[in-house]
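Summary of the model geometry
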Amino acid sequence: MTTPAQTESTEAKAPTTVVLTDVAAQKVKALIEQEGRDDLRLRVAVQPGGCSGLRYQLFFDERSLDGDVVTDYDGVEVVVDRMSAPYLAGATIDFADRIDAQGFTIDNPNAGSSCACGDSFS
């Protein structure tokens, strides 16, 4: 008696939300601790920026909005509003602390260009 072979898909699925690196998560956690509050989360949003490309917003927020996408990274909640979520799917937030660069960086595979007069997405 033979049984049908089961096949597993090895196709990787694209991330559906923002990815926070371990270094960035540690920095966010430290900044929240400095604020002395335990109700804050990192909110990430995107707004059209005209010919300068996209404008990313990263800020601490205690609000919960309808349609928010929330992802937990080692105790750090990252929140993306429903309008920004499709534009930020698969974007990676990292933190650099070097002599030549310091701060959060966003690598967004959805950004088609940096200057498209109001729409930087393909």
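Before any of the text, the structure's been laid out above.
Along every chain, residues carry numbers that run from 1 in the direction the sequence is written. Totals for whole chains, interfaces and linings use all residues, but because this is a predicted model, local features are given only for residues with pLDDT of at least 70 and pairs of side-chain atoms are given and counted only at 80 or more. As a rule here, side-chain values cover all heavy atoms of the structure and leave hydrogens and water aside.

**Regarding the side chain of aspartate 61**
Topologically, aspartate 61 is positioned in strand β3 (residues 54-61). Any N or O atom pair separated by 3.5 Å or less is treated as a polar contact, with the protein-specific requirement of one donor-capable and one acceptor-capable atom, and with residues adjacent in sequence counted only for side-chain atom pairs. Here arginine 63 takes part through its side chain, which lies 2.9 Å from a polar atom of the side chain of aspartate 61. We call two residues contacting when some pair of their heavy atoms lies within 4.5 Å. Once you skip the residues sitting within four places of it in the chain, aspartate 61 turns out to touch Asp39, Leu40, Arg41 and Arg43. Secondary structure elements are taken from DSSP: a helix is a run of H or I of four residues or more, a strand is a run of E of two residues or more, and numbering for both begins at the N terminus.

**Observations concerning the pattern of salt bridges**
Salt bridges are defined by distance alone: a side-chain nitrogen of Lys or Arg within 4 Å of a carboxyl oxygen of Asp or Glu. Applying the stated rule across the entire model yields nine salt bridges. Residue aspartate 74 pairs with lysine 29 through a salt bridge whose shortest N-O separation is 3.6 Å. Here the residue aspartate 74 occupies a position in the loop between β4 (69-73) and β5 (76-80), and lysine 29 occupies one in helix α1 (residues 22-35), the gap between them amounting to 45 residues. Buried means the residue's accessible area, taken with a 1.4 Å probe over protein chains only, is under 20% of the maximum for its type, while exposed means over 50%, and partly exposed covers the values in between. For aspartate 74, a relative accessible area of 62% gives the class exposed. For lysine 29, a relative accessible area of 31% translates into the label partly exposed. One salt bridge connects arginine 37 with aspartate 39, and the closest N-O pair in it is separated by 2.9 Å. By sharing partners, the salt bridges in this structure join Arg43, Asp61, Arg63 and Asp68 into a single network.

These figures capture arrangement, not role.
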